[in-house]
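The lines below spell out each chain.
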Amino acid sequence: MRVILLGPPGSGKGTVGDIIEHVYGLPRIATGDLLRRAVQAQTPLGRRAAAFMGRGGLVPDDLVVALVRERLDAGDAQGGYVLDGFPRTIAQAHSLEALDPRQREVAIDIEADEATVVRRLETRRLCPRCTAVYNLRSRPPRRDDVCDDDEEKLIQRDDDRPDIVQKRLRVYHQQTEPLIGYYRAKGILHRVAGSGTVDETFAQIRLILDRVLAGTGKEQTAR
Ligand code: AMP
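Residues numbered from 1 in each chain as written. Predicted model: local features only at pLDDT ≥ 70, side-chain atom pairs only at ≥ 80, totals over all residues. Heavy atoms only, no water.

(A) Here's a closer look at unusual backbone geometry. In this structure, the amide linkage connecting F86 to the following residue, P87, adopts the cis form with an omega of -5 degrees. Inspection of the secondary structure puts P87 in the loop between β3 (81-84) and α5 (90-99). Its identity is not glycine, yet T131 carries a phi of approximately 65 degrees, on the positive side. In this structure, T131 sits in the loop between β5 (124-126) and β6 (133-135). One non-glycine residue, E151, lies in the positive phi region at around 60 degrees. Tracing the backbone shows E151 in the loop between β6 and α7 (162-176). (Helix = DSSP H or I, 4+ residues; strand = E, 2+ residues; numbered from the N terminus.)

The structure is reproduced here in structure tokens:
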């Protein structure tokens, strides 16, 4: 099964993606993480992607699709996976279907209002080593500014700064939001409320995934 997580930056895709990975054993594939790793390693692809990411725009489809193709070739993705941050354009959705046509698909749109996501992104912190994500308000590290797992100093993502966040939200509305209609037309769209706690969001997703796995998942709103 392929679970596609949709929703604006800060809606909780990464956090619930991690939980889905643990509960359902589906590896989480996050193109943002793959790209940040490529940038850090200064690969040719990373060097090309960096300028787009720093400005809050989308990295060109061909670069992102190449990364996803490589990742899907890994053995752990054969039985299904959770996609976080991909596809972000209709063209990427078409590429995904061509890359791996066998998977049953479920798309989950995590809805969160703008004030909530802006607040979350302002207080989001990241471990640069293991990519664990914290939130200074709702999910603080045990020790100030330090990762619980490897004690690395937490950082704020450059693109979580207010002006870039506004740009990312505009890009989301223009280029990614149309995917909601795309997956609705395919009959695989589910929508959940993402402005509450992580537990509240995951509880809705769990209902959907359990129903889909049991073979009764029709398009629905879990509210
Ligand atoms: P994220 O960690 O998902 O917020 O992604 C961080 C940045 O990586 C985005 O603002 C984009 O610049 C880039 N990015 C991540 N995924 C994609 C994608 N599927 N298509 C294009 N750019 C992407």
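Structure shown, so let's carry the discussion forward.
(B) Representation of the site of the ligand. The ligand sits among 16 residues. The nearest are T31, G57, G85, R88 and Q92. R36 is positioned such that a nitrogen or oxygen atom in its side chain is 2.9 Å from an oxygen atom of the ligand. The separation between a nitrogen atom of the ligand and a polar side-chain atom of R88 is 2.9 Å. For the ligand, whose unbound accessible area comes to 480 Å², protein coverage reaches 95%. (Near = heavy atom within 4 Å. Polar contact = N/O pair within 3.5 Å; in protein donor to acceptor, adjacent residues only side chain to side chain. Areas by Shrake-Rupley, 256 points an atom, 1.4 Å probe, with all protein chains shown as cover.)

(C) Looking closely at the packing of helix α6 (residues 114-122) against α7. One can describe the packing of α6 onto α7 by two numbers: an axis separation of 11 Å at closest approach and a directional angle of 135 degrees. By the criterion of interaxial angle, the relationship of α6 to α7 is oblique. For the element pair α6 and α7, the recorded crossing hand is right-handed. On α7, the residues that touch E114, V117, V118 and L121 of α6 are V165, Q166, R168, L169 and H173. (Axes fitted to C-alpha atoms, helices over the stretch in contact; angles between N-to-C directions. Parallel < 35°, antiparallel > 145°, perpendicular 65-115°, else oblique. Left-handed = near helix turned anticlockwise from the far one by under 90°. Contact = heavy atoms within 4.5 Å.)

(D) Up close: the state of the cysteines. A complete count under the given rule lists zero disulfides for this structure. Free cysteine C127: the closest other cysteine sulfur is in C130, separated by 3.7 Å. (Disulfide = S-S within 2.5 Å.)

(E) View of the pattern of salt bridges. Evaluated as defined, the whole model comprises 21 salt bridges. Put simply, R36 and D33 hold a salt bridge, and the shortest N to O gap is 2.9 Å. Residue R36 and its partner D33 are located together in helix α2 (residues 31-40), separated by three residues, close to a single helical turn. Since its relative accessible area comes to 23%, R36 is described here as partly exposed. The buried category is assigned to D33, whose relative accessible area is 11%. Here D160 and R124 are joined by a salt bridge, their closest N and O atoms 2.9 Å apart. With a gap of 36 residues between them, D160 in the loop between β6 and α7 and R124 in strand β5 connect regions that are remote in the sequence. The exposure classification of D160 matches that of R124, with both residues buried. Each member of the salt-bridge network shares a partner with another, and the members are R2, E97, D100, R102, E105 and K186. (Salt bridge = Lys/Arg side-chain N within 4 Å of Asp/Glu carboxyl O. Buried < 20%, exposed > 50% of the residue type's maximum accessible area, 1.4 Å probe, protein only.)

(F) Representation of the packing of aromatic side chains in the model. Applying the stated rule across the entire model yields one aromatic pair. Between Y182 and Y183, the aromatic rings sit 5.1 Å apart at their centres with planes inclined by 80 degrees, giving edge-to-face as the arrangement. Since its relative accessible area comes to 17%, Y182 is described here as buried. The class for Y183 is buried, based on a relative accessible area of 0%. Positioned over the ring face of F52 is R55, at 5.8 Å from the centre of the ring. (Phe/Tyr/Trp six-rings, centres within 6.5 Å; stacked < 30°, edge-to-face > 60°. Lys NZ or Arg CZ within 6 Å of the ring centre and 35° of its normal.)

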